[in-house]
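Read off the chains here:
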Amino acid sequence: MPVTIGPTPSALPQELLEKLARVSFPTLGHYLEEGFADPGIVRLAGTARVIGRAVTVRTTATDSTMLHHAAGVVEAGDVIVVDTGGDVRHAPLGEVVASALSFRGAAGAIVDGAATDIDEISELGLPVYGRGLSVLTTKLHEIDAGGLNIPVVCGGVVVRPGDVVLADANGVLFAPAAVLEQLIDTALEDDAEEPDLVQALRDGGRLGDLTGASATIARFAS
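Residues numbered from 1 in each chain as written. Predicted model: local features only at pLDDT ≥ 70, side-chain atom pairs only at ≥ 80, totals over all residues. Heavy atoms only, no water.

## As for the pairing of strand S3 (residues 50–58)
Extensive coverage of S3 is indicated by the burial of 8 of its 9 residues. Bridge analysis of S3 against strand S12 (residues 164–168) gives 4 bridges, and the strand direction is antiparallel. If you follow Arg-53 over to S12, its bridge partner there is Val-164. Strand direction decides the pairing type here: S3 and strand S4 (residues 78–83), joined by 6 bridges, are parallel. When the bridges of S4 are listed, Thr-56 appears paired with Val-81. One crossover worth recording links S3 to the parallel S4 by way of helix H3 (residues 65–71), and it is right-handed. (Buried < 20%, exposed > 50% of the residue type's maximum accessible area, 1.4 Å probe, protein only. Helix = DSSP H or I, 4+ residues; strand = E, 2+ residues; numbered from the N terminus. Pairing = 2+ DSSP bridges. Right-handed = clockwise from strand over helix to strand, strands pointing away.)

Listed below in structure tokens is the structure:
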């Protein structure tokens with residue numbers, strides 16, 4: 001498949017970004033079923049939560065030429081999302097690529113594969129997610145394949161350029177901005193109510209009574 005370069009995606013709505021910065025990401029899991037990367041994608045470096053626009057990259061198993069190009073064109077706040085075509089042995093992202101991303105202000109990197117130079121990346125502070133680590137790296141083979149800002153697959157999820165990427169210690173979520181705009185206010189309301197629920201439990205309340213689950217079970221059992 002020849003190299004494909006898609007258009008740069010539109011910027012994410014600033015109001016949505018501000019609200020996402022306040023929400024607990026797992027709260028969004030109460031309302032969505034799709035877009036969650038499989039649990040094999042875990043945080044390898046960094047501690048900051050990731051919120052940003054997806055810049056998608058498709059590489060081949062042994063060649064990171066496209067990723068090197070993409071690392072030079074990302075904008076501040078972007079998240080590189082790398083589809084390696086299923087390869088988990090060759091690490092396309094190491095200290096040099098991570099440095100390029102960090103210096104350009106990227107919010108993070110999500111690799112459906114391996115990373116390397118993890119100690120050096122950790123010192124950068126760039127949040128990096130992937131399936132594990134490897135000392136076997138990709139090379140600049142200049143293979144005429146791959147793409148930038150095209151639909152890719154990462155963690156079993158189809159990710160489109162410009163999607164919102166959310167990631168923390170719990171995992172990774174990819175979603176169109178329009179989907180998150182529909183539910184973000186409700187999620188924030190849930191977060192605001194949660195301390196009262198926890199306090200009620202601390203005071204001796206039963207979770208099923210407080211949430212209505214016990215009443216539902218009683219109705220089923222009658």
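## Focus: the nonpolar core
By size, the foremost hydrophobic cluster in this structure holds 23 residues, and its most contacted members are Val-57, Ile-80, Leu-93, Leu-101 and Val-128. Mapped by element, the contributors of at least two residues to this core are S3, H3, S4, helix H4 (95–103), strand S5 (108–112) and helix H5 (118–124). Per element, the largest residue contribution to this core is 4 residues, and it comes from H3. Discounting chain neighbours no more than four positions away, the residues touching Ile-80 are Val-55, Val-57, Leu-67, Ala-70, Val-74, Leu-101, Gly-108, Ala-109 and Ile-110. (Core = buried A, V, L, I, M, F, W, Y, C linked by side-chain atoms within 4.5 Å. Contact = heavy atoms within 4.5 Å.)

## Observations regarding the pattern of salt bridges
Within this structure, the stated rule accounts for 7 salt bridges. Here Arg-53 makes a salt bridge to Glu-75, at a shortest N to O gap of 3.3 Å. One end of the pair, Arg-53, is in strand S3; the other, Glu-75, is in the loop between H3 and S4, with 22 residues separating them in the sequence. For Arg-53, a relative accessible area of 8% gives the class buried. The exposure class assigned to Glu-75 is partly exposed, which follows from its relative accessible area of 41%. Between Arg-131 and Asp-112 there is a salt bridge; the shortest N-O distance is 2.5 Å. Highlighted residues: Arg-131 in the loop between strand S7 (128–130) and strand S8 (132–133) and Asp-112 in strand S5, separated in sequence by 19 residues. By relative accessible area, Asp-112 is classed as buried at 11%. Three or more residues joined by partner-sharing salt bridges are found here, namely Glu-15, Lys-19 and Asp-185. (Salt bridge = Lys/Arg side-chain N within 4 Å of Asp/Glu carboxyl O.)

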